[in-house]
Amino acid sequence: MSAGENAQLAKQRRRLEALSPLVGHGLHNDLRALQLVHPPSLQLDTLIDCDWGSGRRKGLASLSLEPLGEPIQRHVHSPREDAIATLRLLKLWRRHRGP
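Residues numbered from 1 in each chain as written. Predicted model: local features only at pLDDT ≥ 70, side-chain atom pairs only at ≥ 80, totals over all residues. Heavy atoms only, no water.

Draft legend 1. Focus on the layout of surface pockets. Approximately 530 Å³ is the volume attributed to the largest pocket. As for the largest pocket, its lining consists of 22 residues, and the residues nearest its centre are V23, G24, H25, L27 and D30. Of all elements in the fold, only α1 (3-17), β1 (22-24), α2 (27-33) and α4 (79-96) reach the threshold of two or more residues within the lining of the largest pocket. (1 Å grid on protein atoms, 1.4 Å probe; cavity = no way out; pocket = protein on both sides within 12 Å on 5 of 7 lines; lining within 4 Å. Points joined across faces, edges and corners; volume = space filled by probe spheres on them. Helix = DSSP H or I, 4+ residues; strand = E, 2+ residues; numbered from the N terminus.)

This is how it looks when you write it as structure tokens:
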């Protein structure tokens, strides 16, 4: 990893350590990959925290297709597309089921 990449990673860690809330789908995977620790009380994970009524956890692509009617990850994986779908799912869940 270059010095510039290390500096960028350190900057991102400082921003997260400022106790920003995190929203994601399978956040534990992202945090592990980035080698970050974040308070669970400031995490909202649409995989774990939102009950989608199936009794089991569903992948982001199927959740985006079923309740939102928006297919994602069809040809390539796009983190931007995943982030947008996750926020839309959170809004839907909060509107109909959540706090």
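Next comes the rest of the write-up.
Draft legend 2. Looking closely at the nonpolar core. One finds L44, C50, W52, L60, L63, I72, A85, L89, L90, L92 and W93 forming the largest nonpolar core, which totals 11 residues. Elements represented by at least two residues in this core include exactly α3 (60-65) and α4. No other element matches α4, which puts 5 residues into this core. Look past the residues within four positions of W52 in its chain and what remains in contact with it is T46, L63, L89, L92, W93 and R97. (Core = buried A, V, L, I, M, F, W, Y, C linked by side-chain atoms within 4.5 Å. Buried < 20%, exposed > 50% of the residue type's maximum accessible area, 1.4 Å probe, protein only. Contact = heavy atoms within 4.5 Å.)

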